[in-house]
Structure formats: C-alpha cells, structure tokens
Amino acid sequence: MGKIISFSNQKGGVGKTTTCINIASALGLLDKKVLLVDYDPQGNTTSGVGVDKRGLEGTVYRVITGGMSLKDAIRSTVYRGVDILPTTMDLAGAEMEFAGSFSKDNNPLSLLKQVKYDYDYILVDCPPSLGFLTLSSLAISDGVLVPMQCEFYALEGLSQLIPNIARVRKNFNPSLQLVGILPTMYNGRLTLTRQVIAEIKKYYPNKLFRTPISRSVRLSEAPGFGKPIHYLDPKSRSAEEYTAAAVELIERI
C-alpha cells in the first residue's frame, strides 16, 4: 500500500512544486510507482510535467465534486513510473464549497485511498497556504515533507507550520508524521544559510534532510520545458541531489 505524502509550506517561492515534481521523477527512476496530485489551483505541477492545462477535462476538482471518477482523471506521463492527477484554476472554488462541511469523516480528498494499493507513493503538491486544501491533504496523508528556503522568513513560516501539523494530528489524523525538512535554493557559502541550517538542527533535530537542494539556473529552467531535471539535465548536480533526497525519503517513511 502506497504512502501519501503532502508537500507543504505556507510560504510561497520556496521550491515546493519543483521539489514535488523532481522527487517524483527520482522515485520513478528508482523503480517506484508514483502518483503526483496537483492540489494547488495554480497548476504548476501539471504544466511542470508537460501536461497542457487548456481544455483539460480530468482534474482534481471534477473528481472531488463527483464529476469524474478518480481513475478516469489520472493521466500517465512520459516520465518513468510517474502518473498525475492534474488541476486547473477551477480548484480554487473548492475552498468555498467544502470548507464549511469539512470533517474527519467528510474529506473529499479521501478518494485517494481508492488508489493507495496502485502506487508506492502518492505525492500531493499543496498550495502555499494553511487553508482548506492543505488541511484536507494533511488529514489523509501518512506524512508531510516541508521544502524550505534557507532564509529567516522561511524559518518563521516553518515555526507556524509545525504547530498546525500537530493540530491536524490531534484532531484529524493521529498517524500524520513530519517526514522531514528539505532545504532548497541552498548556498553553503552564505552565513545566513549556515545560520538557518543551525536553527533547524536546534529546534527540529533529526528532521533535516542530509542533502540540501542547491540553487541552480538549470533547475529553474526545467518547468519551462515541462520536464523534471532528471530528463532535462540528468548529469546535473540538481538531478543528483533530488535523487539523494528521494532515497532518503524512502528511508524515512
């Protein structure tokens, strides 16, 4: 049975979607079967694996509102071992439609349990907020991975996210675990980076991934090609780092 992992950080611009896509790609190349769930109305995970959002019929929104079955909406990608449940901006309407009725027993994303036996990992790219969409994902996940830029604002955001994970664990999902914190846009030569890493080690011992993700122009270019870094530049440092992160993810959950 597959593990459902939410990729979450309420601060935008920390490399969350990039991390979700490239860990999925790395897991696929490690012979794991992966489902990417684009649960962010911006739809960057969808376009990031080369799916054209124009005229897209099978989406997360249609699935959770009963307009299409989950299995009919899931699409294969050209990348080894990776399928995707795509999204478009219509998902933004779910915040208003479901927020008032959400409960432990009434979570529209519980539909993912239908395919847990079909995949080794189900990776959910959450929006950069702590609203209904993120809550509903955390409530059905086995774990949450937090990509975090090495800046103090991001550290402040992390200090807000961790108590929310604890509240979800208490009220909705006792088995939810913090899989780990993955530093992104890393530059070890900067004093600020070293200070932030030291703070994470101090307050969240054993939660820091061993291999951070370095800042890279090539990695930033990959979404424009609709390709994970392993397929755009397989010998790059970024590809190696995301493969190392995927291996550690397997160890952690």
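So, here's what we can say about the structure. (Residues numbered from 1 in each chain as written. Predicted model: local features only at pLDDT ≥ 70, side-chain atom pairs only at ≥ 80, totals over all residues. Heavy atoms only, no water.)

### Quick look at the overall build of the chain
A count of helical and extended segments in the chain gives 11 helices and seven strands. On C-alpha atoms alone, the chain measures out to a radius of gyration of 17 Å, which is about the 18 Å that the 2.2 N^0.38 rule sets for 253 residues. Each principal axis of the C-alpha atoms in the chain carries an extent, and together these give about 50 × 40 × 30 Å. Here the chain holds 253 residues, and 55% of them are scored as buried. Summarising the internal contacts of the chain: among those between residues at least 6 apart in sequence, 79% fall at separations of at least 24. As presented, the chain carries roughly 11,100 Å² of accessible surface, and 51% of it is formed by carbon and sulfur atoms. The distance from the centre of the 29 positive side-chain charges to the centre of the 24 negative ones in the chain is 6 Å. (Helix = DSSP H or I, 4+ residues; strand = E, 2+ residues; numbered from the N terminus. Rg over C-alpha atoms; globule rule 2.2 N^0.38 Å. Buried < 20%, exposed > 50% of the residue type's maximum accessible area, 1.4 Å probe, protein only. Contact = heavy atoms within 4.5 Å. Areas by Shrake-Rupley, 256 points an atom, 1.4 Å probe, with all protein chains shown as cover. Lys, Arg positive; Asp, Glu negative; His and termini not counted. Charge placed at Lys NZ, Arg CZ, Asp CG, Glu CD.)

### A few points about the nonpolar core
Ranked by internal contacts, the top residues of the largest apolar core, which has 31 residues, are Ile23 and Leu123. Elements with a contribution of two residues or more to this core: strand 1 (3-7), helix 1 (16-29), strand 2 (34-38), strand 4 (82-85), strand 5 (121-125), strand 7 (177-184) and helix 11 (237-252). For this core, the leading source of residues is helix 1, giving six residues. Beyond its immediate chain neighbours, meaning those up to four positions away, isoleucine 23 contacts Phe7, Leu123, Leu145, Leu182, Tyr242, Ala245, Ala246 and Leu249. In this structure, Val60, Val63, Ala94 and Cys126 belong to the second largest nonpolar core, which totals 28 residues. (Core = buried A, V, L, I, M, F, W, Y, C linked by side-chain atoms within 4.5 Å.)

### Comments concerning the pairing of strand 6 (residues 143-149)
The buried fraction of strand 6 is high, at seven of seven residues. Going residue by residue along strand 6, you find Gly143, Leu145, Pro147 and Gln149 tucked away on one face and Val144, Val146 and Met148 tucked away on the opposite face as well. Alignment of strand 1 against strand 6, held across three bridges, turns out to be parallel. Its bridge partner lying in strand 6, isoleucine 5 is registered against glycine 143. Bridging between strand 6 and strand 7 involves seven bridges; their strand directions are parallel. Bridge pairing in strand 7 places valine 144 opposite leucine 178. Regarding the hand of the β-α-β motif, the stretch spanning strand 6, helix 7 (residues 152-171) and strand 7 is right-handed. (Pairing = 2+ DSSP bridges. Right-handed = clockwise from strand over helix to strand, strands pointing away.)

### Quick word on the pattern of salt bridges
Within the structure shown, the criterion is met by 13 salt bridges. In this structure, arginine 218 engages aspartate 233 in a salt bridge whose closest nitrogen and oxygen atoms are separated by 3.6 Å. Remark: aspartate 233 occurs in the loop between helix 10 (229-232) and helix 11 and arginine 218 occurs in helix 9 (residues 217-225); sequence separation between them is 15 residues. Relative accessible area serves as the criterion here: at 32%, arginine 218 is assigned to the partly exposed category. Aspartate 233 gets classed as partly exposed once you look at its relative accessible area, which sits at 24%. The closest approach of N and O atoms between glutamate 241 and arginine 237, which form a salt bridge, is 3.0 Å. With a gap of four residues between them, glutamate 241 and arginine 237 both fall in helix 11, about one helical turn apart. Residue classification places glutamate 241 among the buried residues on the basis of a relative accessible area of 7%. (Salt bridge = Lys/Arg side-chain N within 4 Å of Asp/Glu carboxyl O.)

### A look at the pairing of strand 5
The side chains of a regular strand alternate, first on one face of the sheet and then on the other. Across the five residues of strand 5, five count as buried, placing the element largely inside the fold. Side chains of strand 5 alternate between two faces, with Tyr121, Leu123 and Asp125 and Ile122 and Val124 buried alike. Sheet topology places strand 1 next to strand 5; five bridges connect them, and they run parallel. The residue bridging lysine 3 from the neighbouring strand is tyrosine 121, located in strand 5.

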